[in-house]
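Single-letter residue listing:
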Amino acid sequence: MATKHKPGKETVIALDNIHKSFGSVEVLRGVSLEVKAGEVVSIIGPSGSGKTTLLRTINGIETINQGTINVKGITLTSDASPQALNEIHSKVGMVFQSYNLFPHLTILRNITLAPIHVNRVNKKDAEAEALRLLEVVGLREKANNYPSQLSGGQQQRVAIARALAMHPDIMLFDEVTSALDPELVGEVLLVMRKLAEGGMTMILVTHEMKFAEEVADRVIVMDKGVIVEQGPAKEVFAHPKTERTAKFLRRALQQDWMEDVQDIQVAERS
Amino acid sequence: MQNELIANLIDWAPKLSSGLWKTILLTLVSFPIALVIGLLLAMPRIGKRHIRILSIPAGIIVEVIRGTPLILQLFYIYFVLPYMGIRFDPFQAGILGLALNYGAYLSEVYRSGIEAIPRTQWEAAKALNMSWAKTMRLVILPQTLRVIMPSLGNYLVSLFKDSALASTISVTELMFAGRLLSSDTFQYITIYTAVFIIYFIISYPAMIGVRMLEKKLAR
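Residues numbered from 1 in each chain as written. Chains lettered and ligands numbered in written order. Predicted model: local features only at pLDDT ≥ 70, side-chain atom pairs only at ≥ 80, totals over all residues. Heavy atoms only, no water.

Caption draft 1: Fine view of the overall build of chain A. Helix and strand counts for chain A stand at 10 helices and 10 strands. Taking the principal axes of its C-alpha atoms as reference, chain A extends roughly 55 × 45 × 35 Å. For chain A, the exposed area adds up to about 11,900 Å²; of that, 48% sits on carbon and sulfur atoms. (Helix = DSSP H or I, 4+ residues; strand = E, 2+ residues; numbered from the N terminus. Areas by Shrake-Rupley, 256 points an atom, 1.4 Å probe, with all protein chains shown as cover.)

Okay, structure coming up:
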């Protein structure tokens, strides 16, 4: 089992009473959350619980209706300035469920595009850095391929490398393994685990209970737009405090994660 | 009879070929301008809030152009604008009329092409801190162009044929040359048949080319 890193003391993300509606549907109903530097937080919960929306508000892709978001000293409110949004985007990297690579560019160009055109890194340095990151995710030999020539798992690893090329302080992962064939999930989780062990602050929305348990410092359970429970994964999984969490976990763990249930039981006994 | 025909054709060749040259020039100059006009007219309608204000005038221009005949637009530019102190020679007026008209149609092509690019591409670029303009230029437009390439090819062929309307404002292009020659010689059948063939042997390969391009891109 992986050795866990120690999260720092500094609070890098502070969400205060976040509200968000789409039309008349209130998706987030007052969410407050603090994340420390180097901490790995898993957000779980039934679909429609608002977990993805919450993640998207943290880097300003989704605007909020009420509350404040503070990321490394930058504050976002319901009327965030373009400058504040730019600063947030530059500090927070994001990886999406559907990879969202740029299909018309090679893997190398996918990774160097933003460093060259946004951060004004010169081409040579950007490419050297991209190749180094491709090495980290184990795809150096694919540098000159196009996204369509890669498997889903490989594309997702490139997407992680692409986000890392902007040197973010925080990485957000939005169900990054949900679109993958089961046999491809492991390679992506491995990269994420390496990242976590390297001290990256990470927030992930995930269905990977095992990953949440082994790598995350804290699990947050959301339901109907609020956080219903949080704590270390083992605690939350083994002794859910509320009936809602218990019900969700029973279903989540039973359906596709029979193996994980066994692992947890083994972990509990030992 | 046959000798006479050949002799006549040799006689007319310089005028027809200079007309053809003008037609090609008219097409090749107005099309790139139309591509730029189309893009400029499309941008406000898909852009961010602060350039959305321009979407109303852009929309009006597009609808007015699409809602009136090209020949009338050419007449307007060539015969009416001089009264407002704006004067063009026939060739310039032809270029302007064709470029504006095709620009309006191409703006719709761009617009639907851009809207067909998944929203997630915008989000990915945003998460990488790319501005709207950079996202458009580096991520969205390159993908759009690939999608709309066959449409653009079809419009190019169409423009080549529609350039014949410039003959009505005395641009000395192929159609005009044919009309001039036939009214001089009364050889309507041979001259208009020759013009017919010339237009077709240029547009037909171009149409086949577009179709091949379409197949290649569809893979």
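Additional details are given in the paragraphs that follow.
Caption draft 2: The arrangement of the side chain of Asn129 of chain B in detail. Summarising the element assignment, Asn129 of chain B is placed in the loop between α6 (119–127) and α7 (132–162). Here Asn129 of chain B falls in the buried class, since its relative accessible area comes to 13%. Setting aside anything within four residues of it in sequence, one finds Asn129 of chain B in contact with Asn86, His89, Ser90, Val118 and Met166 of chain A. (Buried < 20%, exposed > 50% of the residue type's maximum accessible area, 1.4 Å probe, protein only. Contact = heavy atoms within 4.5 Å.)

Caption draft 3: Representation of empty space enclosed by the protein within the structure. All chains considered together, the criterion is met by 4 cavities of 30 Å³ or more. The calculated volume of the largest cavity comes to roughly 80 Å³. Around the largest cavity sit 14 residues that line it, and Gly93, Met94 and Ala163 of chain A together with Ala127 and Leu128 of chain B are the ones nearest its centre. For the lining of the largest cavity, the secondary structure elements donating two or more residues are α2 (82–91), β6 (92–95) and α5 (152–164) of chain A together with α6 of chain B. Class assignment for the residues of the lining of the largest cavity results in 10 nonpolar, 3 polar and 1 charged. Taken as a whole, the second largest cavity spans an internal volume of roughly 40 Å³. In terms of lining, the second largest cavity is formed by Phe173, Glu175, Val176, Thr177, Leu189, Met192, Leu204, Val205, Thr206 and Phe211 of chain A. Looking at the lining of the second largest cavity residue by residue, the classes come out as 7 nonpolar, 2 polar and 1 charged. (1 Å grid on protein atoms, 1.4 Å probe; cavity = no way out; pocket = protein on both sides within 12 Å on 5 of 7 lines; lining within 4 Å. Points joined across faces, edges and corners; volume = space filled by probe spheres on them. Nonpolar A, V, L, I, M, F, W, Y, C, P; charged D, E, K, R; others polar.)

Caption draft 4: Region of interest: the interface of chain B and chain A. Facing 17 residues of chain B, the contacting portion of chain A comprises 24 residues. For the pairing of chain B and chain A, the buried interface totals around 1,700 Å² over both sides, and the portion due to carbon and sulfur atoms is 62%. For chain B, the biggest contributors to the area lost against chain A are Ala127, Leu128 and Asn129 of chain B; these three give 35% of the whole. Residue Glu123 of chain B is joined to Arg56 of chain A by a salt bridge in which the shortest nitrogen-to-oxygen separation is 2.6 Å. At the boundary of chain B with chain A, the tally comes to 6 residue pairs in polar contact (both at pLDDT 80 or more). No other element matches α6 of chain B, which puts 8 residues into the side of chain B that touches chain A. (Buried area = accessible area lost by both parts, 1.4 Å probe. Salt bridge = Lys/Arg side-chain N within 4 Å of Asp/Glu carboxyl O. Polar contact = N/O pair within 3.5 Å; in protein donor to acceptor, adjacent residues only side chain to side chain.)

Caption draft 5: Quick look at helix α1 (residues 51–58) of chain A. Of all 8 residues that make up α1 of chain A, 7 are buried, and the element is covered over most of its length. At the C-terminal side of α1 of chain A, Gly60 of chain A shows a positive phi close to 80 degrees.

Caption draft 6: Region of the structure containing the packing of aromatic side chains. Under the criterion given, the structure shown has 8 aromatic pairs over all chains. Look at Tyr78 of chain B and Phe79 of chain B: their rings are 4.9 Å apart centre to centre, the planes differ by 70 degrees, and that puts the pair in the edge-to-face class. Taken together, a centroid distance of 5.5 Å and an interplanar angle of 65 degrees make the contact between Phe160 of chain B and Tyr199 of chain B edge-to-face. With Phe160 of chain B in helix α7 and Tyr199 of chain B in helix α9 (residues 188–218), this residue pair connects regions lying 39 residues apart in the sequence. Tyr199 of chain B matches Phe160 of chain B in its accessibility class, with the two residues each being buried. Through a chain of ring-to-ring contacts, three or more aromatic side chains come together here, namely Phe75, Tyr78 and Phe79 of chain B. Above the ring of Phe102 of chain A, the side-chain terminus of Arg162 of chain A is found at 4.5 Å from the ring centroid. (Phe/Tyr/Trp six-rings, centres within 6.5 Å; stacked < 30°, edge-to-face > 60°. Lys NZ or Arg CZ within 6 Å of the ring centre and 35° of its normal.)

Caption draft 7: Summary view of the sheet that holds strand β9 (residues 218–223) of chain A. Residue and element names in this part refer to chain A. Strand order in the open sheet formed by 6 strands is β6-β7-β8-β3-β9-β10, with mixed pairing between adjacent strands. Unpaired on one side and paired on the other, β6 and β10 (226–231) mark the two borders of the sheet. Sheet twist, expressed as the mean angle between neighbouring strand axes with direction ignored, is 20 degrees. In this structure, β6 lies alongside strand β7 (residues 170–174), joined through 4 bridges in parallel fashion. Bridge pairing in β7 places Met94 opposite Leu172. Of the strands in this sheet, β3 (40–44), β7 and β8 (201–205) touch helix α6 (residues 182–197), which is tilted by about 145 degrees from β8. (Pairing = 2+ DSSP bridges. Axes fitted to C-alpha atoms, helices over the stretch in contact; angles between N-to-C directions.)

Caption draft 8: Layout of the side chain of Glu123 of chain B. Within the fold, Glu123 of chain B resides in helix α6. Looking at Glu123 of chain B, its side chain comes within polar contact range of the side chain of Arg119 of chain B, at 2.9 Å. Here Glu123 of chain B is in contact with Arg56, Ile61 and Phe96 of chain A, once residues within four sequence places are set aside.

Caption draft 9: A look at unusual backbone geometry. Residues other than glycine seldom take positive phi values, yet His167 of chain A does so here, at roughly 50 degrees. For His167 of chain A, the position within the fold is in the loop between α5 and β7.

Caption draft 10: Representation of the sheet that holds strand β2 (residues 25–36) of chain A. Residue and element names in this part refer to chain A. Ordered in space as β2-β1-β4-β5, the 4 strands form an open sheet in which the pairing is antiparallel. Both edges of this open sheet fall to β2 and β5 (74–76), since each of them pairs with a single strand only. Strand-to-strand twist across the sheet, computed as the mean angle between neighbouring axes with direction ignored, equals 15 degrees. As paired elements, strand β4 (residues 66–71) and β5 share 3 bridges and run antiparallel to each other. What sits directly across from Ile69, in β5, is Leu76. Across the sheet, α2 lies against β4 and β5, angled at about 120 degrees from β5, the strand it touches most.

Caption draft 11: Looking closely at the confidence of the model for chain A. Across chain A, pLDDT averages 88, with 91% of residues at or above 70. Model confidence for chain A, summarised as mean pLDDT per element, is weakest for helix α10 (residues 258–269) of chain A at 55 and strongest for helix α3 (residues 107–117) of chain A at 97. (pLDDT = per-residue confidence, 0-100.)

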